[in-house]
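# Working through the structure, step by step
Read off the chains here:
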Amino acid sequence: MEKLRKVVNEIAYTQDHAKLSSLNRSLLPLLTVASFLYRVTLSLRRYLYHFGLFSKQRLPVPVISVGNLTWGGNGKTPMVEFIAQWLADSGISPLILTRGYAGGDEARMLTRHLLGTSSKIGIGANRAATATCFLKQYGYLDPKSFLFEGMWVDQTVRSPLNFGKIGAVVLDDGMQHWSLDRDLEIVMVNGLSPWGNHQLIPLGPLREPMAALRRADVAVVHHANLVSKQSLKDIELMMKEVKESLPVFFARMSPSHFFEVGNINFRIPLDVIQDAIVLCVSAIGSANAFVQGIEKMGAFYVDRIDFTDHHSFQTQVQLSYCGVLILHCIIRTVQFCIN
């Protein structure tokens, strides 16, 4: 399954299919049919919502959706964390709604990073039902009690009586979750590989056609520090062609430290990899951004082992891989030095 995912990902981000291997090209007919069926299903679902056969639920607090048009690596979860932290610091207790995909690894990470804040995390595929449960349990603030657009919070909101009451909902990976109405739609874009081959999944990486950008209120191009200024202009121009009034912002990851796997509270300074040999092992949506970020920190040599997004590592497998990967890294480093 891991190999199949890698093959599909390679096809999705290859513009010229003639450059694919014969094995990969043999999958194109099957992926094309599957992509067509996905498009039909997507259109049917859109019409059902448009004509009211599927209804949208409105929550009593403002809802901020953070989503994307393509699969993985667009910076959704870091943006959700940033927004939740900002809201909590402003005296507004946020509720993050997430599906808990792939065992809930992102939800656990958000829990660790937002520990000590007033943030709450609701996990479940039915996010409207999850939100309703949390609102009943903790209560909620009347949006009229603070000026959300003016970024000002009334003293009554900060009072001990209101502490913990939910003031806003942040919808993680919410662009295709149409059953919840939202007040702000933020679309994240991976600056390193924004649209792939421009095809719908599984033939391409698009979860919706580019026209879906018309629903967006804000677009954020992630990994902007790893992309040329011309490429950023091209990405912005392409989005403006779909929605001219769309505000476009740029973001980057700014690592602060490393930590030990067995003790996440033990911080290691970033300069520890200065002039060092580094092996990057990852199971994230944009491994290229991770590797380039490590290279920018001044590592002498960087090698990589990429697994698919949310890959589930097993302890025994990790241990058996360890010796092989270190040996692989040493061999590649020797070759690098000789060349």
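In the block above lies the structure referred to throughout.
Scope of this entry: the structure provided in the associated data block.

## Some words on the overall build of the protein chain
- Check the secondary structure of the protein chain and you find 10 helices and 13 strands.
- Sequence-distant contacts, at least 24 apart, represent 75% of the contacts inside the protein chain between residues at least 6 apart.

## Let's talk about the sheet that holds strand β3 (residues 120-123)
- Strand order in the open sheet formed by seven strands is β3-β2-β6-β1-β7-β8-β9, with parallel pairing between adjacent strands. Two strands close off the open sheet at either side, each with one partner strand: β3 and β9 (248-250). The sheet shows a mean angle of 25° between the axes of neighbouring strands, direction not considered.
- Packing against the sheet, helix α8 (residues 229-242) makes contact with β7 (184-190), β8 (218-222) and β9, and its axis sits at approximately 155° to β9.

## Digging into the pairing of strand β13 (residues 301-306)
- As paired strands, strand β12 (residues 277-282) and β13 are joined by six bridges and run parallel to one another. For Val 278, the partnering residue across the bridge sits in β13 and is Val 302.
- A crossover connection joins β12 to the parallel β13 through helix α9 (residues 287-296); in handedness this β-α-β unit is right-handed.

## Things to note about α8
- With 14 residues, α8 should reach 20 Å at 1.5 Å per residue; the first-to-last C-alpha distance of 21 Å fits that figure.
- Within the sequence span of α8, burial applies to Leu 232, Ile 235 and Met 239. Projected down its long axis, α8 shows its buried positions confined to an angular sector of 65°, all on one face. Structural note: α8 exposes Lys 229, Lys 233, Leu 237 and Glu 241 on the side pointing more than 90 degrees away from its buried face.
- Packing partners of the buried residues in α8 comprise β7, β8 and β9.

## Topic: the environment of Pro 269
- Structurally, the position occupied by Pro 269 is in the loop between β11 (263-268) and β12.
- Taking the C-alpha atoms as reference, Pro 269 lies 5.1 Å from His 257; in sequence the two are 12 residues apart.

## What about the packing of helix α4 (residues 76-89) against helix α5 (residues 105-113)?
- Between α4 and α5, the shortest axis-to-axis distance is 11 Å and the interhelical angle comes to 30°. In this structure, α4 meets α5 at a crossing whose hand is right-handed. Residues Thr 77, Val 80, Glu 81 and Gln 85 of α4 lie in contact with α5, whose contacting residues are Glu 106, Met 109, Leu 110 and His 113.
- Of the residues in the contact of α4 with α5, the class split is three nonpolar, three polar and two charged.

## Here's the deal with the side chain of Lys 76
- Position of Lys 76 among the secondary structure elements: in helix α4.
- Here Lys 76 occupies a buried position and makes no salt bridge, while the nearest side chain of opposite charge, Asp 173, is found at 4.4 Å.
- Excluding residues within four positions of it along the chain, Lys 76 makes contact with Val 66, Gly 67, Asn 68, Asp 172, Asp 173 and Met 188.

## Things to note about the pattern of salt bridges
- Under the defined criterion, the tally for this structure stands at six salt bridges.
- Between Glu 185 and Arg 182 there is a salt bridge whose closest N-O contact spans 2.7 Å. Here Glu 185 and Arg 182 have matching classes, each one buried.
- Within the structure, one salt-bridge network assembled from shared partners comprises Arg 99, Asp 173 and Arg 207.

## Looking at a nonpolar patch on the surface
- There is a patch of nonpolar side chains on the surface, built from Val 33, Phe 36, Leu 37 and Val 40 and spanning about 380 Å² of accessible area.
- By secondary structure assignment, the location of Val 33 is in helix α3 (residues 28-50).

## Here's the deal with the packing of aromatic side chains
- In this structure the tally under the stated criterion is five aromatic pairs.
- Taking the centre distance of 6.4 Å and the plane angle of 65° together, the rings of Tyr 13 and Trp 71 count as edge-to-face. Placement of Tyr 13 in the loop between α1 (2-12) and α2 (22-26) and of Trp 71 in the loop between β1 (63-68) and α4 is noted, with a sequence separation of 58 residues between them.
- Its relative accessible area of 25% is what places Tyr 13 among the partly exposed residues.
- Taken together, the ring pairs in this structure connect Tyr 49, Phe 54 and Trp 178 into an aromatic cluster.

So, how was this worked out
Residues numbered from 1 in each chain as written. Predicted model: local features only at pLDDT ≥ 70, side-chain atom pairs only at ≥ 80, totals over all residues. Heavy atoms only, no water. Helix = DSSP H or I, 4+ residues; strand = E, 2+ residues; numbered from the N terminus. Contact = heavy atoms within 4.5 Å. Pairing = 2+ DSSP bridges. Axes fitted to C-alpha atoms, helices over the stretch in contact; angles between N-to-C directions. Right-handed = clockwise from strand over helix to strand, strands pointing away. Expected span 1.5 Å × (residues − 1). Buried < 20%, exposed > 50% of the residue type's maximum accessible area, 1.4 Å probe, protein only. Arc of directions from axis to C-beta. Left-handed = near helix turned anticlockwise from the far one by under 90°. Nonpolar A, V, L, I, M, F, W, Y, C, P; charged D, E, K, R; others polar. Lys, Arg positive; Asp, Glu negative; His and termini not counted. Salt bridge = Lys/Arg side-chain N within 4 Å of Asp/Glu carboxyl O. Patch = residues over 30% accessible without salt bridge, like charges linked within 9 Å, V, L, I, M, F, W, Y side chains within 5 Å. Areas by Shrake-Rupley, 256 points an atom, 1.4 Å probe, with all protein chains shown as cover. Phe/Tyr/Trp six-rings, centres within 6.5 Å; stacked < 30°, edge-to-face > 60°.

Any link to function would need more than the numbers given here.
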